[in-house]
Amino acid sequence: MKSLINLLSIFAIITLTSCSSSEVPVDGPDTNPPVAKVTYEKDVKGIINGSCATMNCHDDVSPTAGLALTNYTRVRNAAENGNLFGRINSSSNPMPPTGLLPSSIRSIISQWRADGYLEE
């Protein structure tokens, strides 16, 4: 009986160690998480409020050139139908007038456009 158990043990070891799999592991859902889309509320609003919709510029009190950039609808309209992208990227007539925003900041606003002007 002992030799039968030994023989079965050897057979099991040989069988288990000779098994192989040609399957390639599939990446799980956390391996390549989706890239978050740029939204007005999360990414753009703070940039506009800090650089454009300031006192004596594009605020609601006395908006320069009649352009208030104080909410999603107004900023999106300026981006789609106005000159927002031209001015934030202009080296000769930049907005804000103190100089171009850093390219990393401008790229966030450009990505907002590429992502479809998402609000939230």
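Fair warning: this is a prediction, and the values are worked out from it, not measured in the lab.

Peer 1: Looking at this model, I keep getting lost on the nonpolar core. Mind explaining?
Peer 2: Ranked by size, the top nonpolar core spans 19 residues in total, and within it Ile48, Leu69, Leu84, Phe85 and Trp112 carry the most contacts. Where this core is concerned, the elements lending two or more residues are α2 (40-51), α3 (72-81), α4 (84-88) and α5 (103-114). Look past the residues within four positions of Phe85 in its chain and what remains in contact with it is Ala79, Ile109, Ser110, Arg113 and Tyr117.

Peer 1: Would you take a moment to explain the environment of Asn89 for this structure?
Peer 2: If you trace the backbone, Asn89 turns up in the loop between α4 and α5. Here Asn89 falls in the partly exposed class, since its relative accessible area comes to 36%. In sequence terms Asn89 and Gly99 are ten residues apart; their C-alpha atoms lie 9.7 Å from each other. Those residues in contact with Asn89 that lie beyond four places of it in its chain are Leu100 and Arg106. In this structure the side chain of Asn89 is engaged in a polar contact, spanning 2.9 Å, whose partner is the backbone oxygen of Phe85.

Peer 1: Just checking my understanding: could you explain the confidence of the model for the chain for this structure?
Peer 2: Close inspection of predicted coordinates is inappropriate in any region flagged by low pLDDT. Averaged over all residues, the pLDDT of the chain is 84; the fraction at 70 or higher stands at 73%. The low-confidence segment residues 16-21, where pLDDT is below 50, has zero contacts with residues more than four positions distant or belonging to other chains.

Peer 1: Can you walk me through the packing of aromatic side chains in this structure?
Peer 2: Aromatic ring pairs: the centre-centre distance and the angle between the two ring planes describe each pair. Under the definition given, this model contains four aromatic pairs. For the pair Tyr40 and Tyr72, a centre-to-centre distance of 5.6 Å together with 70 degrees between the ring planes defines the contact as edge-to-face. Of this pair, Tyr40 sits in helix α2 while Tyr72 sits in helix α3, placing them 32 residues apart in sequence. Given a relative accessible area of 1%, Tyr40 falls into the buried group. The buried category is assigned to Tyr72, whose relative accessible area is 13%. Measuring from ring centre to ring centre gives 6.0 Å for Tyr40 and Trp112, while their planes differ by 40 degrees; the resulting arrangement is tilted. On the criterion of sequence distance, the pair formed by Tyr40 in helix α2 and Trp112 in helix α5 is long-range, its members being 72 residues apart.

Peer 1: Which parts of the structure should I look at to understand the state of the cysteines?
Peer 2: Covalently bonding the sulfur atom of one cysteine to the sulfur atom of another cysteine gives a disulfide. Within the structure shown, the criterion is met by zero disulfides. In this model Cys52 remains outside any disulfide bridge; the closest cysteine sulfur is found in Cys57, 7.1 Å from its own. You can call Cys52 buried: its relative accessible area is 8%. Residue Cys57 is classed as buried on the basis of its relative accessible area, which comes to 13%.

Peer 1: Would you explain the packing of α2 against α5 in this entry?
Peer 2: Working note: a packed helix pair is described by the angle between its axes plus the distance between those axes. Where α2 meets α5, the closest approach of the two axes is 10 Å, and the angle between their N-to-C directions is 135 degrees. Here α5 runs oblique to α2, going by the angle between their axes. In this structure, α2 meets α5 at a crossing whose hand is left-handed. Listed contacts from α5 to Tyr40, Asp43, Val44 and Ile47 of α2 are Ile105, Ile108, Ile109 and Trp112. Residue composition of the contact of α2 with α5, grouped by class: seven nonpolar, no polar and one charged.

About the cut-offs
Residues numbered from 1 in each chain as written. Predicted model: local features only at pLDDT ≥ 70, side-chain atom pairs only at ≥ 80, totals over all residues. Heavy atoms only, no water. Core = buried A, V, L, I, M, F, W, Y, C linked by side-chain atoms within 4.5 Å. Buried < 20%, exposed > 50% of the residue type's maximum accessible area, 1.4 Å probe, protein only. Helix = DSSP H or I, 4+ residues; strand = E, 2+ residues; numbered from the N terminus. Contact = heavy atoms within 4.5 Å. Polar contact = N/O pair within 3.5 Å; in protein donor to acceptor, adjacent residues only side chain to side chain. pLDDT = per-residue confidence, 0-100. Phe/Tyr/Trp six-rings, centres within 6.5 Å; stacked < 30°, edge-to-face > 60°. Disulfide = S-S within 2.5 Å. Axes fitted to C-alpha atoms, helices over the stretch in contact; angles between N-to-C directions. Parallel < 35°, antiparallel > 145°, perpendicular 65-115°, else oblique. Left-handed = near helix turned anticlockwise from the far one by under 90°. Nonpolar A, V, L, I, M, F, W, Y, C, P; charged D, E, K, R; others polar.

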